[in-house]
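# Remarks on the overall topology
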Amino acid sequence: MQSGSVSESRDPNLATAEDFFYSGLQKPGNTSNPLGSKVTTVNVDQIPGLNTLGISLARIDYAPYGLNPPHTHPRATEILVIVEGELYVGFVTSNQLGNKLFTKYLKKGDVFVFPEGLIHFQLNVGNTNAVAFAGLSSQNPGVITIANSLFGSNPPINYNVLTKAFQVDKKVVDKLQAQFWWDNN
């Protein structure tokens, strides 16, 4: 066993097969929510043996026209493979690169990469369910859902910041901050 592959606070000699095992990805996630998607993560929180190994994965289920909304992983690149359905996917580059949008329509067996830290999304463009699996280059990639972070923060971001940043009036910000922001993770 690789040194340090189980929690640093735990003696590696006490590790068992259960520290390297997860069962459940064969089960579809519940997509009965406003986004129509569910992300089931398998990272160091579910498999302690992933600690320090720099890898994790997720299953993403999409209802017809379901969305995995714009988000970023601050500590990981993501590689997505479609196993069922058809998705419209994309990411946006940084300000320095002109915020260029890269998009693609993906079908079963197609693969797409989202570079570390860049905002990206997936939309089921079909009238049937879709399923994808994502590999991530961190045992703890993190996720920041853009709308949730900006309009659902606790405490709320001052409306002066948001009205100026989005160039909208206070009523728009008030409406966005008042609604419930769904977390599909």
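The structure we're discussing is the one just above.
These lines cover the structure that appears in this document, whether it is placed above or below. Note that the coordinates shown come from a computational prediction; the quantities given were computed from them, not determined experimentally.

Quick notes on the rules
Residues numbered from 1 in each chain as written. Predicted model: local features only at pLDDT ≥ 70, side-chain atom pairs only at ≥ 80, totals over all residues. Heavy atoms only, no water. Helix = DSSP H or I, 4+ residues; strand = E, 2+ residues; numbered from the N terminus. Contact = heavy atoms within 4.5 Å. Patch = residues over 30% accessible without salt bridge, like charges linked within 9 Å, V, L, I, M, F, W, Y side chains within 5 Å. Areas by Shrake-Rupley, 256 points an atom, 1.4 Å probe, with all protein chains shown as cover. Salt bridge = Lys/Arg side-chain N within 4 Å of Asp/Glu carboxyl O.

The topology assignment puts L80 in strand β4 (residues 78-84). Expressed as a C-alpha distance, the spacing of L80 and T128, which sit 48 residues apart in the sequence, is 19 Å. Not counting the four nearest positions on each side in its chain, L80 is found in contact with I60, L87, V89, L106, D110, V111, F112, F114, Q122, A132, F133 and A134.

A cluster of nonpolar side chains, namely I79, V111 and V113, defines an oily patch on the protein surface of about 230 Å² accessible area. Residue placement: V111 occurs in strand β7 (residues 111-114).

Of note, the bond from N154 into P155 is cis; its omega dihedral lies within 30 degrees of zero at 0°. For P155, the location among the structural elements is in the loop between α1 (146-151) and α2 (159-166). Of note, the phi angle at T52 is positive, near 75°, even though the residue is not glycine. Relative to the helices and strands, T52 resides in the loop between β1 (37-42) and β2 (56-62). Phi is positive for Y65, which is not a glycine, with a value near 65°.

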